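Spelled out, the chains give:
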Amino acid sequence: MHKPPVLICILLLLLFAVAPSKQQASTPGDPHYWAGVVEFSSARVSDETVEASTANRLAQYLTIIDSGEANVTDVIVFPEGTLNGYETASFVPHPRDYIAPCNNLQYERVVRDISCAARNRKKYIVINLTEKAQCPEQSDTRPCSPDGLYHFNTNVAFDREGVVVSRYRKFNLFGEAGINTTTYPEMANFDTDFGVQFGHFICFDLMFNQPALELVRLGITDFIFPTMWFSELPFLTASQIQQGWAFSNNVNLLAAGASFPGVGSTGTGVYAGRRGAITTVMNHEPQTKLYVTQVPKVNYPNAAINKIPQPKGTPAQMAKLLLKRDQIDKYTTKDLPMTSNAQLEERVCYQSHCCNFTINYSVKSNLQNTKYYRYKLAAYDAGRTFDGFADGQITTCAIMACSSTNYSDCSRRFDANEAYDEAITFNAITIVAKFPDNPDTFVLPNNVDTSIVPFDVSETEYVVVPSVGDQTPHNIVTYKLNNPHSDLYTFAIWARKFENYPISGANPSSLVSTLVLIAVGVAGLMRNVW
């Protein structure tokens with residue numbers, strides 16, 4: 001018996017309703033593209049072999065790529081250091097060879113299977129892995145290790161056919177024992193079929209002139225950033241510095257973060273330049289999740305933007321996130337007076353670098369028997385070390401929180417079980433200072449709240465104008481908070497100066513020695529990760 005035509009139509013509609021959706025890929029003429037960034041956590045089980053751990057993580061990667069949430073995406077980005085390790089390193093094709101390593105046994109399974117997944121799902125996919133390569137390569141005259149191999153911390157970009165279209169080997173290492181650097185920083189980028197060219201780099205590279213800022217100067221407007229960031233107060237928590245970097249450069253940034261809050265790693269987001277975070281997350285518990293956003297193309301400045309706020313952890317919950325503390329003890333500081341309904345104008349100088357603060361704020365009464373954050377106004381223009389792995393110069397004007405009257409408690413939070421009052425409400429803040437205008441100085445707006453996420457850019461105003469009458473070019477930078485906040489932890493203009501540190505993150509001896517082998521402080525923290 002033939003089924004009635006109406007019934008056939010209903011059955012077909014039901015079939016299409018439950019079938020996996022295939023999203024039409026974005027095109028060069030579209031004002032947006034779709035991006036997925038992955039926050040990823042997978043601690044190694046105590047009795048698990050390295051090979052088994054790598055296989056398990058690869059299976060999780062493939063599940064994410066194959067998920068319904070990923071259907072809409074044009075590009076998916078995975079974090080740094082969450083796929084394989086030194087013992088399971090893989091060869092990676094050079095992009096000039098235009099190889100799709102899918103089912104090619106010359107490469108390890110992590111590379112083969114991701115290539116196949118990119119081809120099957122018709123997506124651009126960027127992973128970070130430990131790469132091995134034959135030593136020496138081309139003009140590198142440094143001696144090779146006894147096994148005749150390099151090992152690199154490497155980004156690999158696959159196109160929709162699974163072809164390796166870009167490869168970047170991390171130059172600015174952060175406590176990565178056994179990992180090599182290239183002789184010079186690589187400038188890695190790739191084009192897409194939706195009209196966007198991506199540059200990409202890794203984690204600690206964000207803090208240096210090359211390759212990250214050099215790629216910006218080359219005109220690239222969209223960046224991919226796999227990271228295993230170790231957050232630090234008051235200026236360098238992950239989402240805080242990601243938003244500031246993207247804002248100052250007015251570029252799109254796709255940041256995928258490893259999620260191990262117990263050792264300080266979390267921070268994933270998508271940022272649309274001066275329009276701020278489309279979505280950003282800082283976790284207090286390990287998480288594996290794909291975050292999908294529609295990204296407005298930079299050459300479509302009026303394209304609609306759909307921001308996706310994520311739930312914030314409470315300050316007590318966020319105490320589970322381990323945070324390092326910057327070396328702020330040599331800053332010049334002044335206390336914010338505990339005066340109710342105050343309008344304060346103050347100038348703080350570190351040698352010749354001066355910061356002008358105008359602050360309207362109110363103070364709660366009856367605070368005698370409660371804990372609360374006090375604040376200092378700070379100026380600094382000198383060097384610091386990044387945990388001994390690199391040195392650099394910092395210039396800043398800042399308002400930062402202190403959990404007691406002791407200076408050593410500035411940029412230290414209250415413990416999870418410590419109740420405290422939000423004693424001070426900042427109604428408005430203006431910071432004005434002069435900064436050099438040259439390629440060796442990078443200035444950005446910098447803020448974070450007590451839940452360790454930055455304010456939305458709509459609540460702030462950042463203006464840069466040329467200064468007049470200086471012997472060398474300078475800018476006058478003004479940073480304002482326009483909305484009241486009682487949850488402020490840091491509000492600052494923050495800059496990196498590169499001229500006194502010509503070799504970026506790499507140890508200078510790496511240019512003449514066998515390997516860049518950094519004795520690990522981080523490795524002790526990470527022994528349960530790999």
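Preceding this paragraph is the structure being described.
Being a predicted model, the structure only gives us computed values, none of them experimental. Each chain has its residues counted from 1, running along the sequence as written. Totals for whole chains, interfaces and linings use all residues, but because this is a predicted model, local features are given only for residues with pLDDT of at least 70 and pairs of side-chain atoms are given and counted only at 80 or more. Excluding hydrogens and water, the side-chain figures rest on all heavy atoms present in the structure.

Attention now goes to the pairing of strand 8 (residues 222–227). Only protein chains enter the accessibility calculation, which uses a 1.4 Å probe. A residue is then buried if its area is under 20% of the maximum for its type, exposed if over 50%, and partly exposed in between. Secondary structure elements are defined from DSSP: runs of H or I of at least 4 residues count as helices, runs of E of at least 2 residues count as strands, and each element is numbered from the N terminus. Buried residues dominate strand 8, accounting for six of its six residues. Burial along strand 8 is two-sided: the face carrying D222, I224 and P226 and the face carrying F223, F225 and T227 are both buried. In the sheet, strand 7 (residues 197–200) pairs with strand 8 via three bridges, with the strands oriented parallel. Looking across to strand 8, one finds that G199 is bridged to F223. We call a crossover right-handed when, viewed with both strands directed away from the observer, the connection leading from the first strand over the helix to the second proceeds clockwise. Tracing the backbone out of strand 7, into helix 4 (residues 209–217) and back to the parallel element strand 8 gives a crossover that is right-handed. Any two strands with at least two DSSP bridges between them are considered paired. Direction of pairing for strand 8 relative to strand 10 (residues 252–257): parallel, over a ladder of six bridges. Looking at the pairing, F223 lines up with L253 of strand 10.

Of the voids in this model, the second largest pocket is the one considered here, and its volume is about 570 Å³. H94, E137, Q138, R167 and R169 are, among the 27 residues lining the second largest pocket, the residues nearest its centre. Per-element tally for the lining of the second largest pocket: the top contributor is strand 3 (residues 124–134), with four residues. Lys, Arg, Asp and Glu make up the charged group, whereas Ala, Val, Leu, Ile, Met, Phe, Trp, Tyr, Cys and Pro make up the nonpolar group; the residues left over, Gly among them, are polar. Broken down by class, the residue content of the lining of the second largest pocket amounts to nine nonpolar, eight polar and ten charged. Throughout, the protein atoms alone are placed on a 1 Å grid, and a set of points is a cavity if a 1.4 Å probe fits but cannot get out or a pocket if it is open with protein on both sides within 12 Å along at least five of seven lines; lining residues have an atom within 4 Å of a point. Grid points are joined across faces, edges and corners, and a volume is the space filled by probe spheres set on the points.

This part takes up empty space enclosed by the protein. Under the criterion given, the structure shown has five cavities of 30 Å³ or more. Its boundaries defined by the atoms lining it, the largest cavity holds a volume of some 80 Å³. What lines the largest cavity is a set of 13 residues, and nearest its centre among them are Q243, P445, N447, V457 and Y479. Among the secondary structure elements, those contributing two or more residues to the lining of the largest cavity are helix 5 (238–249), strand 21 (441–449) and strand 22 (460–466). With four residues, helix 5 is the largest single contributor of residues to the lining of the largest cavity. Tallied by class, the residues present in the lining of the largest cavity amount to seven nonpolar, six polar and no charged.

Note that T395 resides in strand 19 (residues 391–402). Taking the C-alpha atoms as reference, T395 lies 8.2 Å from H353; in sequence the two are 42 residues apart. Contacts are assigned to residue pairs that have any heavy atoms within 4.5 Å of one another. Contact partners of T395, with chain neighbours within four places excluded, come to H353, Y380, D381, F435, I493, W494, A495 and K497. Polar contacts involving the side chain of T395 include one to the side chain of D381, which spans 2.6 Å. In protein, a polar contact means a hydrogen-donor-capable atom and an acceptor-capable atom, both N or O and within 3.5 Å, with residues adjacent in sequence counting only if both atoms are side-chain atoms; elsewhere, any N or O pair within 3.5 Å suffices.

Another point: the state of the cysteines. Whenever a pair of cysteine sulfur atoms sits within 2.5 Å, that pair is classed as a disulfide. For the coordinates displayed, the defined rule picks out five disulfides. Across the disulfide, C102 is cross-linked to C116 (sulfur-sulfur distance 1.9 Å). Here C102 and C116 share a disulfide; its torsion about the S-S bond, 95°, makes the bridge right-handed. Separated by 14 residues along the polypeptide, C102 in the loop between strand 2 (75–77) and helix 3 (109–121) and C116 in helix 3 bring together distant segments of the chain. The pair formed by C102 and C116 is uniform in burial state, with each residue classed as buried. Described in terms of the sequence order of its bonded cysteines, the disulfide pattern of the chain is 1-2, 3-4, 5-6, 7-8, 9-10.

What follows concerns the nonpolar core. Counting residues in hydrophobic clusters, the biggest one holds 102 residues, and the most contacted among them are W245, I359, I399 and F426. Throughout this description, the term nonpolar core refers to a set of buried Ala, Val, Leu, Ile, Met, Phe, Trp, Tyr and Cys residues connected via side-chain atoms within 4.5 Å. Core analysis: the second largest hydrophobic core is formed by 24 residues, L83, V92, V111 and A118 among them.

All right, on to the sheet that holds strand 11 (residues 268–272) then. The strands making up a sheet associate through hydrogen bonds between their backbones, and the pairing can be parallel or antiparallel. Taking strand neighbours across the sheet as the criterion, the six strands line up as 6-7-8-10-11-12 in an open arrangement whose pairing is mixed. The open sheet is flanked by strand 6 (189–191) and strand 12 (277–281), the only strands paired with a single partner. On average, each strand axis in the sheet is inclined to that of its neighbour by 15°, with strand direction left out of account. Fitted lines through C-alpha atoms serve as axes, helices being fitted only where they are in contact, and the angles separating the N-to-C directions of these axes extend from 0 to 180 degrees. Lying on the sheet, helix 5 is in contact with strand 8, strand 10, strand 11 and strand 12; it crosses strand 11 at an angle near 20°.

For the rest of this paragraph, the subject is the pattern of salt bridges. We define a salt bridge as a contact between a side-chain nitrogen of Lys or Arg and a carboxyl oxygen of Asp or Glu at a distance within 4 Å. What the rule picks out here adds up to 25 salt bridges. Across the pair E214 and R217 runs a salt bridge, and its minimum N-O distance is 3.2 Å. Placement of both E214 and R217 in helix 4 is noted, with a separation of three residues, approximately one turn of the helix. For E214, a relative accessible area of 23% corresponds to the partly exposed category. The partly exposed category is assigned to R217, whose relative accessible area is 42%. Between E232 and R384 there is a salt bridge, with the nearest N and O atoms lying 2.7 Å from each other. Residue E232 is located in strand 9 (residues 232–233), and its partner R384 is located in strand 18 (residues 374–385); the two are separated by 152 residues in the primary sequence.

Bringing unusual backbone geometry into the picture now. A cis geometry characterises the amide bond from C135 onward to P136, with omega recorded as 5°. With respect to the helices, strands and loops of the structure, P136 is situated in the loop between strand 3 and strand 4 (149–158). The step from L233 to P234 runs through a cis peptide bond, and the omega angle for that step is 10°. Position of P234 among the secondary structure elements: in the loop between strand 9 and helix 5. Positioned with a positive phi, N250 is a non-glycine residue whose angle comes to about 50°. Note that N250 resides in the loop between helix 5 and strand 10. With a phi angle near 55°, Q351 is a residue other than glycine that sits in the positive phi range. Within the fold, Q351 resides in the loop between strand 16 (342–350) and strand 17 (353–363). Looking at Q351, the relative accessible area reads 70%, which means it is exposed.

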